[in-house]
Amino acid sequence: MNGTVTASAPGRVGIVGNPTDMYGGSVISCSTVERARVRIQPADHLVLDAGTEQSVIASPDDLVPQDEIFDIARVALTGTESVDLRVRISWSTDIPFRAGLSGSTALLVSMVAGLLAFRGIRHGPYLLAELVRKIEYQNLTFCGYQDAYMCTFGGLHYMDFREKEFHQEFGTDPLATMEPMASVAALPVVVVITGGQRVSGGVHTPLRERWLAGEARVVEAYQTIAGLARDGKKAILENRLDTLGDLMNENQAITQVLGGSNPEDDRFIELARQAGASGAKLAGSSGAIVALHESPRELARAMMDAGAAGILEPAPGPGLEIELNDL
């Protein structure tokens, strides 16, 4: 096209059930208010613009991931067969990176959808989520399905990933089941950025290997956590938030036993409970926790006083948004 494409997508917060999206389980997740934004416009060359840095793609070698800021754009270009475009791809985000909130996936969703739209291609949300997950899984990091689906759909969703646990070839496994919880305006939750950073692939890969080996402790743990999400759906819809808090705590206790948490996250989880949170757990892999509290603002103040790096207040909102503007 001759115009400009803008695309944006939210991050996500795992309320209960994560990380069983990797194991054929179930997860309840909410989108963040914070979003990743991408702008694609015609240019003389293929240019990647991260705001503070720029890179010109002059040959296929320049598209090889280099473990740096431009890698998401590189894999989006190759994954959508858009490497011959002459465009400037600019992006920004206010989702904290490496905090387990799907900041990189939100950016990838925006880039993939934006590049396709620039070429006149529009995928439905299910196909787009599956495509993004494939690109991320094959080129960037080990990941499940929750992130790509939530960054695409947004809102507050109960998600079922049964029969997707063995990560089959793209297009051969069933689609996830997405149940929007539209009757729930918002949950009284706070996301605390803890600073306890650890790349998600480093967290999940060893556990995945133990699960594939059939280690009973891991298999039974993830079956239990998936059941917590199904119970959580009922608790939310029946407005039994104390029950939801108990389910979140059980989810976290199992994660800790398996070694999927870290000391800084654990410290803030305990502090949140001491401050009156009925439930607190990891929001994703690491770097942020989500806490359920009858007075979120009060809890937010307590967490900042305890040294939190930041506070987010997630709320169901739109997923991927695309805007086309002619020159």
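Residues numbered from 1 in each chain as written. Predicted model: local features only at pLDDT ≥ 70, side-chain atom pairs only at ≥ 80, totals over all residues. Heavy atoms only, no water.

**Q** Whenever I open this one, the nonpolar core confuses me. Can you help?
**A** One recurring pattern in soluble globular proteins: nonpolar side chains tend to sit buried together. Counting residues in each nonpolar core, the largest one holds 75 residues, and the members touching the most others are Ile89, Trp91 and Leu101. No other element matches helix H2 (residues 103–118), which puts eleven residues into this core. If sequence neighbours within four positions are ignored, Ile89 has contacts with Val38, Arg39, Ile40, Leu46, Val47, Leu48, Asp49, Leu77, Met111 and Leu115. By size, the runner-up hydrophobic cluster in this structure holds 13 residues, among which are Val190, Ile269, Ala280 and Leu299. (Core = buried A, V, L, I, M, F, W, Y, C linked by side-chain atoms within 4.5 Å. Buried < 20%, exposed > 50% of the residue type's maximum accessible area, 1.4 Å probe, protein only. Helix = DSSP H or I, 4+ residues; strand = E, 2+ residues; numbered from the N terminus. Contact = heavy atoms within 4.5 Å.)

**Q** What is the right way to read the side chain of Glu136 from this model?
**A** Here Glu136 shows up in helix H3 (residues 125–139). An unpaired buried charge is present at Glu136: no salt bridge exists, and Arg133, the closest side chain of opposite charge, is 7.4 Å distant. Side chain to side chain, Glu136 and Thr105 meet in a polar contact 3.0 Å long. (Lys, Arg positive; Asp, Glu negative; His and termini not counted. Salt bridge = Lys/Arg side-chain N within 4 Å of Asp/Glu carboxyl O. Polar contact = N/O pair within 3.5 Å; in protein donor to acceptor, adjacent residues only side chain to side chain.)

**Q** Can you walk me through the environment of Ile254 in this structure?
**A** Position of Ile254 among the secondary structure elements: in helix H7 (residues 241–258). Along the backbone, Ile254 and Pro96 are 158 residues apart, and their C-alpha atoms lie at a distance of 26 Å. Once residues lying within four places of it in the same chain are set aside, the contact partners of Ile254 are Ala221, Thr224 and Ile225.

**Q** I would appreciate a short explanation of a negative patch on the surface in the present structure.
**A** Taken together, Asp231, Asp242, Asp246, Glu250, Glu294 and Glu298 make up a surface patch of like negative charges. If you tally residues by element for the negative patch, the top one is H7, at three residues. Locating Glu298 in the fold gives a position in helix H9 (residues 296–305). Overall, the relative accessible area of 42% leaves Glu298 in the partly exposed class. (Patch = residues over 30% accessible without salt bridge, like charges linked within 9 Å, V, L, I, M, F, W, Y side chains within 5 Å. Areas by Shrake-Rupley, 256 points an atom, 1.4 Å probe, with all protein chains shown as cover. Charge placed at Lys NZ, Arg CZ, Asp CG, Glu CD.)

**Q** What should I look at first to understand the sheet that holds strand S8 (residues 189–193) in this one?
**A** Two strands in a sheet stick together by hydrogen bonds in their backbones, pointing the same way (parallel) or opposite ways (antiparallel). As summarised here, the arrangement of the four strands in space is S9-S10-S8-S11, forming an open sheet in which the pairing is antiparallel. In the strand order of this sheet, the two ends are held by strand S9 (279–282) and strand S11 (310–312), each with one partner. With strand direction ignored, the average angle separating the axes of adjacent strands in the sheet is 25°. As paired elements, S9 and strand S10 (residues 288–292) share four bridges and run antiparallel to each other. If you follow Lys281 over to S10, its bridge partner there is Val290. Strands in contact with H7 are S9 and S10; relative to S9, the strand with the most contacts, it is inclined by about 35°. (Pairing = 2+ DSSP bridges. Axes fitted to C-alpha atoms, helices over the stretch in contact; angles between N-to-C directions.)

**Q** Help me understand the side chain of Lys164 in this model?
**A** Note on placement: Lys164 falls in the loop between strand S6 (156–160) and strand S7 (177–180). Relative accessible area serves as the criterion here: at 1%, Lys164 is assigned to the buried category. Once residues within four sequence positions are removed from consideration, Lys164 is found in contact with Glu130, Tyr145, Asp173, Pro174, Leu175 and Ala176.

**Q** What am I meant to see in the packing of aromatic side chains here?
**A** Under the defined criterion, the tally for this structure stands at ten aromatic pairs. Taking 4.3 Å as the distance between ring centres and 15° as the angle between the ring planes, the aromatic pair formed by Tyr23 and Tyr222 counts as stacked. On the criterion of sequence distance, the pair formed by Tyr23 in the loop between strand S1 (4–16) and strand S2 (26–42) and Tyr222 in helix H6 (residues 216–237) is long-range, its members being 199 residues apart. A residue is classified by how much of its surface remains accessible, and Tyr222, at 5% relative accessible area, is buried. Their ring planes at 25° and their centres at 6.2 Å tell us that Tyr145 and Phe161 sit as a pair that is stacked. One end of the pair, Tyr145, is in the loop between H3 and helix H4 (146–153); the other, Phe161, is in the loop between S6 and S7, with 16 residues separating them in the sequence. One residue, Lys164, lies across the ring of Tyr145, its end atom 4.2 Å from the ring centre. (Phe/Tyr/Trp six-rings, centres within 6.5 Å; stacked < 30°, edge-to-face > 60°. Lys NZ or Arg CZ within 6 Å of the ring centre and 35° of its normal.)

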